[in-house]
Every structure is written in structure tokens, then in C-alpha cells.
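Residue strings, one per chain:
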Amino acid sequence: MNPSPQAAATRDLLLAFAAVYLVWGSTYLAIRFGVETIPPFLLGGTRFLAAGVILAVVSRRRGAPIPKPSEWRSATISGVFMVVGGNGLVCWAAQYVPSGLTALLVATVPLWLVAIARLGPDREKTSPLEVAGLVLGLGGVVLLVSSSGADIGIRGASANQVVAGALVVVGASVSWAIGSMYNRRAALPQPPLHGTALTMAAGGLVLVLIGLATGEFGRLSLGDVSLRSWLSLIYLAAMGSIVAFSAYMWLLRNVRPAAAGTYAYVNPVVALFLGWWLADEAFTLPMLAGTVIIVAGVVLVQRGRAPKGGPRPATVRAPASR
């Protein structure tokens, strides 16, 4: 017996939210497992190049036009900021920084979006709530970075490496925010799924080239790649970049954007729990305090967005870095 239309809609809604909440929240741990035996830039590059090509083929079969040169250029620039900067740096930092801490720092993307919208060329007005949320959230970032050390880092990482890795993750979040702001005006290929596919493919190709330039191919031995790393790579490409992203795009068309954007609050919690459960990652009191502060800051920023009819607020894009 087929379910009623209402029951089917409810089922689809639950499945989509489960994908965005759980899959994206778990990609941080998958990245950590992947870089155990696969060099970081090759891991991120292979993931996004494969996912981008697959999505591009699907889009073309559905009738997407061949992009113009200007659209290829826009997709490449977007890929550099969002895939290379937003994900490649996270992959590099995953060698030293636990997945839970990484997820917390990435959760600050809405704060950087507000800061860039205010200080960048748009000069958007910010409400008092947004300013308060920005200050509060950045305070949480300072707390997390300052409390980072060898005691919470990946086994074998020094305190300096953990702090450097945390700062690199902050840089990745800023890069993602810049790419999101660029996309607001960029002439990306249409339909949106096709533009996303080409952004992934272009960014993935650049990451592979960076891996080549930094000697990662020489350090890669396929025979030494663990089963856990292979499975992580497949999971990141299939579930993180294709399934979860498609679910997020579906949610944007079927629920309020604010509801779809709640992944920003849930992903860090999922990542912290999985890191503690499956990878024996530490969860310290400063991390708990930083979690509360950053989430509170993001909530204030979301509540303080410009009302309908006012200046266009900074938007939270689907996280290709997930």
C-alpha cells in the first residue's frame, strides 16, 4: 500500500533533514580518518573532482547547457574560495585538530558572512543583534583557539601544530564566507545544481594540482592506504558531496531558509559526539564553553538579520567543505 501524499512528504522531509544533520555532521570525522593515510589535498581534491564530474554529467543529461567561458571562470573562482580554501585547508588541519573542534570553528561561517557584508564592498547595515552575535561568536573562537593544545589534538601532534591547525580552520571558514559572498553576484552556470557541480569539479582539480605541486603524489602509496581511509573518501564523495548537498537543495525549495540553515547548530554537536565516541577525542570544559558561546553568537546573528524589504542579508550557503 502506497503512503498518502502527506505521509510521503513527511518522510521525505525527515530523510532530507537527517542527511543534512547527520551526514554533514559526520564528514569532519570522515576527513580525519581519510587523512590518516591519504595526503590532505589529494583527499579533498579527489572527493570534489569525482563528485563534481558525476553531478555535471547528471545535469547535462537533464538538459543543462554548456557553460560560457565567463561561467567557467566564475565557477573556478568560487571553487578556489569554497573548495580549495574552505575544504582543502580543513583537510590539512585534520592532521592535527580533532574533528569536533574543527566543526565548532567552521560553525562560525555565519559570523564571517556578517563581518564581510559589513566591511566589504556591499557595506551592508548590521543590526545591534548582529553586532552582538559577531562579537560573542568571535569571543568563542578566541577561547577555543587559546585553549587548544597537545592534550586535545590528534595523537602525536604538538601544541603548536594544534594551534596552527585551529587557526587554519578559521582561515578556511573565512575563505568559505568570501566565496559565498562572491557567489551572490557571480555569473555561475545554470541551473544551480550544474553550477555547483562545476564549482566542485574546478575546485577539486585545483586541489589535485596543489597536491602535485607539494609532492603529495610522491608521498602517496596506494598499497599503504587503509581501508578506513578508502571508505572515508567514498563516503565523503557520495554521501557528503552528492546526497547531503542534494538534500539541502531540496530543503531550500520546500522549507523556510531559516529551517534549512539549522544545520549550522546541529553539525557541531554531531561532530563532537562522533569524535568522542568513535575516535576517543577529548571534550574539555573550554570546548563546551566555546560551543555555547559560538552557537549563541550564531543565533543572535540569525535573529538580527535585516527584515524583508531591507538590505539583502548575508546568506549561509550549503557547505561544500562538509
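Relevant structure appears above.
All of these numbers come straight from a predicted model, not from anything done at the bench.

Q: Break down helix H12 (residues 263-279) for me, citing the residues and quoting the values.
A: Look at H12: 22 Å from first C-alpha to last across 17 residues, which is about the 24 Å you get at 1.5 Å a residue. Buried within H12 are the following residues: Tyr 263, Ala 264, Asn 267, Pro 268, Val 270, Ala 271, Leu 272, Leu 274, Gly 275 and Ala 279. Note on H12: the residue one or two positions beyond its end, Asp 280, has a positive phi of about 55 degrees.

Q: An account of the side chain of Ser 175 is requested, with residue identities and associated values reported.
A: As for its placement among the helices and strands, Ser 175 is situated in helix H7 (residues 159-183). Beyond its immediate chain neighbours, meaning those up to four positions away, Ser 175 contacts Val 80, Phe 81, Gly 85 and Gly 86.

Q: Any details on the pattern of salt bridges? Residues and values, ideally.
A: Within this structure, the stated rule accounts for four salt bridges. Asp 12 serves as the salt-bridge partner of Arg 11, at 3.2 Å between the closest nitrogen and oxygen. Classification of Arg 11 by relative accessible area gives partly exposed; the value is 43%. A residue is classified by how much of its surface remains accessible, and Asp 12, at 30% relative accessible area, is partly exposed.

Q: Describe the nonpolar core, listing the residues and the values that go with them.
A: With 49 residues, the main nonpolar core has Ile 31, Leu 43, Leu 101, Leu 105 and Leu 144 as its most contacted residues. The greatest single-element share of this core, amounting to eight residues, is contributed by H7. Setting aside residues up to four positions removed in sequence, Leu 43 forms contacts with Ile 31, Gly 34, Val 35, Ile 38, Cys 91, Leu 233 and Leu 236.

Q: If you had to explain the side chain of Glu 281 to someone new, which residues and values would you point to?
A: Within the element layout of this structure, Glu 281 appears in the loop between H12 and helix H13 (285-303). Using a relative accessible area of 7% as the deciding quantity, one classes Glu 281 as buried. Once you skip the residues sitting within four places of it in the chain, Glu 281 turns out to touch Leu 29, Arg 32, Pro 98, Ser 99, Gly 100, Gly 275 and Trp 276.

Q: Hey, could you go over the environment of Pro 67 for me, with residue numbers and the actual values?
A: Inspection of the secondary structure assignment puts Pro 67 in the loop between helix H2 (40-61) and helix H3 (69-93). Look at Pro 67 and you get buried, because its relative accessible area is 12%. Spatially, the C-alpha atoms of Pro 67 and Tyr 28 are 32 Å apart, while their sequence positions differ by 39 residues. The residues touching Pro 67, leaving out its near neighbours within four places in the chain, are Trp 72, Pro 189, His 194 and Leu 198.

Q: Kindly report on the layout of surface pockets, identifying the contributing residues and their values.
A: Any empty space left between atoms is shown by rolling a water-sized probe over those atoms. In this structure, the second largest pocket encloses a volume near 150 Å³. Around the second largest pocket sit Arg 32, Pro 98, Asp 151, Ile 152, Gly 153, Ile 154, Arg 155, Ala 279, Asp 280, Glu 281 and Ala 282, which together line it. Residue composition of the lining of the second largest pocket, by class: five nonpolar, one polar and five charged.

Calculation rules
Residues numbered from 1 in each chain as written. Predicted model: local features only at pLDDT ≥ 70, side-chain atom pairs only at ≥ 80, totals over all residues. Heavy atoms only, no water. Helix = DSSP H or I, 4+ residues; strand = E, 2+ residues; numbered from the N terminus. Expected span 1.5 Å × (residues − 1). Buried < 20%, exposed > 50% of the residue type's maximum accessible area, 1.4 Å probe, protein only. Contact = heavy atoms within 4.5 Å. Salt bridge = Lys/Arg side-chain N within 4 Å of Asp/Glu carboxyl O. Core = buried A, V, L, I, M, F, W, Y, C linked by side-chain atoms within 4.5 Å. 1 Å grid on protein atoms, 1.4 Å probe; cavity = no way out; pocket = protein on both sides within 12 Å on 5 of 7 lines; lining within 4 Å. Points joined across faces, edges and corners; volume = space filled by probe spheres on them. Nonpolar A, V, L, I, M, F, W, Y, C, P; charged D, E, K, R; others polar.

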